[in-house]
Amino acid sequence: MRILFLTHSFNSLSQRLYVELSRDGHDISIEFDINDAVTREAVALWRPDLIIAPFLKRAIPEDVWRAHTCFIVHPGPRGDRGPAALDWAVLNGESTWGVTVLQAEAEMDAGPVWASVEFPMREARKSSLYRNEVTDAAVSAVRRALGRFAAGDFTPEPPSGGGRWRPACRQADRGIDWLCDDTATVLRKIRSADGQPGIRDRIGGVPCYLYDARREPALSGPPGELLACRHGAICRATIDGAVWIGHLRPAGEGPDFKQPAASVLDETARTLPDPGGDAAGAEAIRYEEANGIGYLHFDFYNGAMGVAECERLLDAYRSACERDTRLLVLMGGPDFWSNGLDLNQIEAAESPADESWRNIEAINELAWAIITTEDRLTVSALQGNAAAGGVFLALAADQVLARSGVVLNPHYKSMGNLFGSEYWTYLLPRRVGEARAAELTQNRLPIGAPEALSLGLIDAHFGEDGVDFSAQVQTRSEALAASPAYGEMLEGKRRRRAADEAQKPLAAYRAEELKRMQLNFYGFDPSYHVARYHFVFKVPHSRTPFFLARHRIGGMGVPE
Ligand code: COA
């Protein structure tokens, strides 16, 4: 089918649907929902059999939904309506939730239902549920709806009971009362608004939005008081314990984007004690060992790795390499493996160019340490998505495994023609060849795990969900470590590294990449700084890039 995606942005759910439906053989073009005239133009140009709205914040123009069947992907179960479905589900502690594919009609979310899929809820951030359970359910529901639409004999059903409308979730609905709320309530409130818009609060007199909250198992104090600070996170007491808050977004003066909590609070944070490694809630990095295999978990907020995160991870990696293990598995986090440089911390720096430079050097050090590990095998296990430098960092390991639902963006170009480093010019072609490396980095499209496997970018994909994936990673890792071929594989890796080094030293790849990056950071062309500013400040799109809006290529005066 010829399908038009009409979407607010090409977010994780839209990307996953795009790769899954393209794999099913559908022909998809994408238009951002900018205004009604642009939508009408896109429809006229693409002449779709069907329009799908994976992530929409406004209604579709009436003449469009009257003339074309439009599927709305609603992140709520059948009968649920309104713009804050998932927020309410987390806030109310629902035990099951769902995704419904509705046909667009005049009343928002009240159209007939083409398919709906339910799932059990998990105690997690709204954004984590969205990227995992909601996205998986959306893929199933849209596939089912498409099958019914294609068959032509299905009459969409009215939503049960006329539908329950729930309004936007306001700050008054979920503001924290630190003198009354227990830890579970505080966590639920913060998670219901994480990633957007965040819970508005005031800390040390600073108005801000709260994100990235975790339970603190040991510390406690007078409710509402700040107790500790570690790795940029702050610990605040509740009536029955405490929570760590990793990120804040200033709500008054100051740049309006998320940053590590301590850098927003600055003076206040500096006076707080650091409880050291005992404060489990503040640790994004965790190492564990089982049956002679090391597992290094790194769950950085939004997969962003600033200088401090890279340095801490490098320390943890080196410590893990001192352990007597045959295999070291780099697990990343449940939501993201890595999204490369922390663009928010770069934007917040006094000199974003200098901070970009420090950040790329720090991530390169980590990549170098992984590539040059010769005394054991290494595996990157991608439970969650990865993008830009995060993908290439994963390729530094000997094997790359991914959960089947993972989406990868192995390119930097969308960030203002950033050239990229992380030794990608060495790591990518050696896996996929020069021609495919050029294609992947230039065409800027997301790819699914099966496509990544067929390109040779990864070595295997499996796993229904994160839990299933992690269990299978462990089984496979144990088999690899115990394999009679282990010794030969390790020897083969050393030989290959030595041969590669003799042909062209790693230092030469790095120097060439950094030369290009220096131009991106300090050169005449400001594209990277502009693109990063737009990304960090979430500047609304003013047009859809041509690599997504295929209907605009070659038409309407746009050159081929
Ligand atoms: N630095 C800082 N924040 C980042 C980030 C990065 N490298 N990558 C993603 N994020 C943040 C986004 O700002 C967003 O923040 P929010 O929680 O305030 O909404 C969140 O992570 C999720 O990203 P979003 O784009 O909304 O969702 P997605 O799951 O659809 O992500 C990506 C798709 C990863 C392709 C997109 O975020 C991206 O292009 N990231 C930048 C990658 C990059 O260029 N890295 C630097 C070069 S190495």
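As the structure is a prediction and not an experimental result, all values here were calculated from the model.

(A) Layout of the overall build of the protein chain. When its secondary structure is counted, the protein chain shows 20 helices and 24 strands. Dimensions along the principal axes, computed over C-alpha positions, put the protein chain at roughly 65 × 60 × 50 Å. Looking at the protein chain as a whole, 56% of its 560 residues qualify as buried. Of the contacts made within the protein chain by residues no fewer than 6 positions apart, 69% connect residues no fewer than 24 positions apart. Put simply, the protein chain shows about 23200 Å² of open surface, and 51% of that area lies on carbon and sulfur atoms. If the 61 positive side-chain charges of the protein chain are averaged to one point and the 75 negative ones to another, these points end up 3 Å apart.

(B) Spotlight on the site of the ligand. Inspection of the region around the ligand gives 24 residues, with Ser 12, Gln 196, Lys 258, Leu 341 and Leu 343 positioned closest. Residue Gln 196 places a side-chain N or O atom 2.9 Å away from an oxygen atom belonging to the ligand. Within the side chain of Asn 302, one N or O atom sits 3.0 Å away from an oxygen atom of the ligand. Compared with its free state, where it exposes 850 Å², the ligand has 85% of that area covered by protein.

(C) Summary view of the environment of Gln 103. With respect to the secondary-structure elements, Gln 103 resides in strand S6 (residues 96-103). When the C-alpha atoms of Gln 103 and Leu 455 are compared, they prove to be 36 Å apart, with 352 residues separating the residues in sequence. The residues touching Gln 103, leaving out its near neighbours within four places in the chain, are Thr 69, Cys 70, Gly 111, Pro 112, Trp 114 and Pro 156.

(D) Structural view of the sheet that holds strand S23 (residues 447-448). Taken in spatial order, the four strands line up as S18-S20-S22-S23 in an open sheet, and their pairing is mixed. Edge positions in the sheet fall to strand S18 (336-338) and S23, since each of these pairs with one other strand and no more. The pairing of strand S20 (residues 385-387) with strand S22 (residues 407-409) spans two bridges and is parallel. Bridge pairing in S22 places Ala 387 opposite Asn 409. Packing against the sheet, helix H1 (residues 12-23) makes contact with S20, S22 and S23, and its axis sits at approximately 105° to S22.

(E) Examining the pairing of S6 more closely. Of all eight residues that make up S6, seven are buried, and the element is covered over most of its length. Pairing of strand S4 (residues 70-74) with S6, which is carried by four bridges, proceeds in the antiparallel orientation. For Phe 71, the partnering residue across the bridge sits in S6 and is Gln 103. Pairing geometry for S6 and strand S7 (residues 113-120), over seven bridges, is antiparallel. Across the sheet, Leu 102 pairs through a bridge with Val 113, a residue of S7.

(F) Here's a closer look at the UniProt feature "domain: Formyl transferase N-terminal" (unreviewed entry) in the protein chain. With numbering aligned to this structure, UniProt lists the feature "domain: Formyl transferase N-terminal" (unreviewed entry) at residues 40-145. Annotation note: span residues 40-145, helix share 38%, strand share 25%, distance between end C-alpha atoms 24 Å.

(G) Expanded view of the nonpolar core. Within the largest apolar cluster, 70 residues are counted, with the highest numbers of intra-cluster contacts made by Tyr 317, Leu 408, Leu 428 and Leu 457. For this core, the element with the most residues is helix H12 (residues 352-371), which contributes nine residues. Among residues more than four places away in sequence, those in contact with Tyr 317 are Leu 296, Leu 328, Leu 330, Leu 366, Ala 369, Ile 370, Thr 373 and Thr 378. Counting 41 residues, the second-largest nonpolar core is a separate cluster that includes Phe 10, Val 19, Val 73 and Met 121.

(H) Representation of the sheet that holds strand S2 (residues 27-32) in the model. Sheet architecture is open: six strands sit in the order S2-S1-S3-S4-S6-S7, paired in mixed fashion. The open sheet has two free edges, formed respectively by S2 and S7, since each of these has just one partner strand. Across the sheet, the mean angle separating the axes of adjacent strands is 20° when strand polarity is ignored. Along the sheet, H1 contacts strand S1 (2-7), S2, strand S3 (50-53) and S4; its crossing angle with S1, the most-contacted strand, is approximately 175°. The sheet strands contacting helix H5 (residues 126-151) are S1, S3, S4, S6 and S7, and the helix crosses S7 at an angle near 155°.

(I) Geometry of the layout of surface pockets. Approximately 880 Å³ is the volume attributed to the second largest pocket. Contributing elements (two or more residues each) for the lining of the second largest pocket: S7, H5, strand S10 (206-216), strand S15 (285-290) and helix H17 (466-482). The greatest single-element share of the lining of the second largest pocket, amounting to five residues, is contributed by H5.

(J) Structural context of helix H20 (residues 527-536). Along H20, the positions that sit buried rather than exposed are Tyr 528, Ala 531, Arg 532 and Val 536. Down the axis of H20, the sector holding all buried residues measures 125°, keeping them to one side. Residues of H20 that are buried make contact with helix H11 (343-348), H12 and helix H19 (506-522). Looking one or two residues beyond H20, the residue adopting positive phi is Lys 538, at roughly 50°.

(K) The arrangement of the pattern of salt bridges in detail. Under the definition given, this model contains 44 salt bridges. A salt bridge links Glu 20 to Arg 16, with the nearest nitrogen and oxygen atoms 2.9 Å apart. A residue pair is termed a helical-turn pair when its members lie 3 or 4 positions apart in one helix, as Glu 20 and Arg 16 do in helix H1 at four residues. The partner of Glu 107 in a salt bridge is Arg 81, and the shortest N-O contact between them spans 3.1 Å. Note that Glu 107 is positioned in the loop between S6 and S7 and Arg 81 in strand S5 (residues 80-81), a separation of 26 residues in sequence.

(L) How the structure looks around empty space enclosed by the protein. Per the stated rule, a full pass over the model turns up two cavities of 30 Å³ or more. Counted as a void, the largest cavity has a volume near 90 Å³. Around the largest cavity sit 13 residues that line it, and Arg 131, Thr 135, Asn 385, Arg 403 and Gly 405 are the ones nearest its centre. Residue assignment for the lining of the largest cavity shows that the elements contributing at least two residues are H1 and H5. A total of four residues in the lining of the largest cavity trace back to one element, the largest contributor, which is H5. Its residues assigned to classes, the lining of the largest cavity comprises two nonpolar, six polar and five charged. Of the volumes computed, that of the second largest cavity is approximately 40 Å³. Around the second largest cavity sit Phe 298, Leu 313, Tyr 317, Leu 330, Trp 337, Leu 366, Ile 370 and Leu 393, which together line it. Counting residues per element, the ones that place at least two in the lining of the second largest cavity are helix H10 (307-322) and H12. Residues of the lining of the second largest cavity, tallied by class, amount to eight nonpolar, no polar and no charged.

Calculation notes
Residues numbered from 1 in each chain as written. Predicted model: local features only at pLDDT ≥ 70, side-chain atom pairs only at ≥ 80, totals over all residues. Heavy atoms only, no water. Helix = DSSP H or I, 4+ residues; strand = E, 2+ residues; numbered from the N terminus. Buried < 20%, exposed > 50% of the residue type's maximum accessible area, 1.4 Å probe, protein only. Contact = heavy atoms within 4.5 Å. Areas by Shrake-Rupley, 256 points an atom, 1.4 Å probe, with all protein chains shown as cover. Lys, Arg positive; Asp, Glu negative; His and termini not counted. Charge placed at Lys NZ, Arg CZ, Asp CG, Glu CD. Near = heavy atom within 4 Å. Polar contact = N/O pair within 3.5 Å; in protein donor to acceptor, adjacent residues only side chain to side chain. Pairing = 2+ DSSP bridges. Axes fitted to C-alpha atoms, helices over the stretch in contact; angles between N-to-C directions. UniProt positions renumbered as here; feature names shortened; annotations may be inferred. Core = buried A, V, L, I, M, F, W, Y, C linked by side-chain atoms within 4.5 Å. 1 Å grid on protein atoms, 1.4 Å probe; cavity = no way out; pocket = protein on both sides within 12 Å on 5 of 7 lines; lining within 4 Å. Points joined across faces, edges and corners; volume = space filled by probe spheres on them. Arc of directions from axis to C-beta. Salt bridge = Lys/Arg side-chain N within 4 Å of Asp/Glu carboxyl O. Nonpolar A, V, L, I, M, F, W, Y, C, P; charged D, E, K, R; others polar.

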